[in-house]
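Chain residues, written in single-letter form:
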Amino acid sequence: MKLEFSAGGIIYKKEGQRYHFALIRDAYDKWTFPKGRIEKKEKPTQAALREIEEEIGLTDLQIRADLGKIDYWFKNGQELIHKFVYFYLIKAPTKGQLKPETSEIKDAQWFTHQKARKILAYK
């Protein structure tokens, strides 16, 4: 068994009276929140901000809340992996433009709350 640790965020911005949320389309064609591995000597908050910048190009982010940690199990070939993911609620600048890093993900877009809830692939 192997342990993995990642961090990411639920990123939002407000345009007028509406909130929009940034989602990525991952390598499995699933819409989800950006996240990535925590590097050695890195705090989960630092990893979340770094991964968001690397995956979707957003900077000047503000962590608004710690949303806690989830965990799940999966297999990579024959290896059983127990993964822990720290999530944060993160505010993006109103003019925040997404610049997906397509070597890691397939796409990134802003969605309204209603649309994001409909297309999210994971709980």
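Since the structure is predicted, the reported quantities are computational estimates derived from the model, not experimental observations. (Residues numbered from 1 in each chain as written. Predicted model: local features only at pLDDT ≥ 70, side-chain atom pairs only at ≥ 80, totals over all residues. Heavy atoms only, no water.)

(A) Looking closely at the nonpolar core. Among the nonpolar cores identified, the biggest contains 17 residues, and Ile11, Ile52, Ile56, Leu58, Leu98 and Trp110 are the most heavily contacted of them. Among the elements that take part in this core, helix α1 (residues 44–56) stands out by supplying four residues, more than any other. In this structure, Ile56 is in contact with Ile11, Ala22, Ile24, Pro34, Gln97, Leu98, Lys99, Pro100, Ile105 and Ala108, ignoring residues within four places of it in sequence. Formed by seven residues, the second largest nonpolar core is a distinct cluster that contains Leu23, Phe33, Phe111 and Ala116. (Core = buried A, V, L, I, M, F, W, Y, C linked by side-chain atoms within 4.5 Å. Buried < 20%, exposed > 50% of the residue type's maximum accessible area, 1.4 Å probe, protein only. Helix = DSSP H or I, 4+ residues; strand = E, 2+ residues; numbered from the N terminus. Contact = heavy atoms within 4.5 Å.)

(B) Quick peek at the side chain of Asp107. On the secondary structure map, Asp107 appears in strand β7 (residues 107–112). No salt bridge is formed by the buried Asp107. Its closest oppositely charged neighbour is Arg25, at 4.4 Å. Side-chain polar atoms of Asp107 contact the side chain of Gln109, separated by 2.8 Å. (Lys, Arg positive; Asp, Glu negative; His and termini not counted. Salt bridge = Lys/Arg side-chain N within 4 Å of Asp/Glu carboxyl O. Polar contact = N/O pair within 3.5 Å; in protein donor to acceptor, adjacent residues only side chain to side chain.)

(C) Seen up close, the side chain of Asp26. Position of Asp26 among the secondary structure elements: in the loop between β2 (18–25) and β3 (31–32). At 3.2 Å, the side chain of Asp26 and the side chain of Tyr122 are in polar contact.

(D) Representation of the packing of aromatic side chains. Across all of its chains, the model carries five aromatic pairs by this definition. Ring plane angle 40 degrees and centroid distance 6.1 Å describe the contact between Tyr72 and Phe74, whose orientation is recorded as tilted. (Phe/Tyr/Trp six-rings, centres within 6.5 Å; stacked < 30°, edge-to-face > 60°.)

(E) Quick peek at α1. Compared with an ideal rise of 1.5 Å per residue, which puts 13 residues at 18 Å, α1 spans 18 Å between its outermost C-alpha atoms and is within 8% of the ideal. Turning to α1, its buried residues are Ala47, Ala48, Arg50, Glu51, Ile52, Glu55 and Ile56. The secondary structure elements touched by the buried residues of α1 are β1 (2–15), β2, β4 (35–37), β6 (79–91) and β7. Two residues or fewer past α1, Gly57 is found with a positive phi of approximately 75 degrees. (Expected span 1.5 Å × (residues − 1).)

(F) Representation of the environment of Leu67. One can find Leu67 in strand β5 (residues 62–76). Each C-alpha atom, one on Leu67 and one on Pro93, is 20 Å from the other, the two residues being 26 residues apart in sequence. The contacts of Leu67, once residues within four sequence positions are left out, are Ile10, Phe87, Tyr88 and Leu89.

(G) Layout of the pattern of salt bridges. Tallied over the entire structure, the rule returns 10 salt bridges. Between Arg50 and Glu39 there is a salt bridge, with its nearest N and O atoms 3.6 Å apart. Of this pair, Arg50 sits in helix α1 while Glu39 sits in the loop between β4 and α1; the two residues are 11 residues apart in sequence, bridging distant segments of the chain. Taking the relative accessible area as the measure of exposure, Arg50 reaches 16% and is therefore buried. Its relative accessible area of 46% is what places Glu39 among the partly exposed residues. What emerges from the salt-bridge pattern is a single network uniting Glu39, Glu42, Arg50, Glu51 and Glu54.

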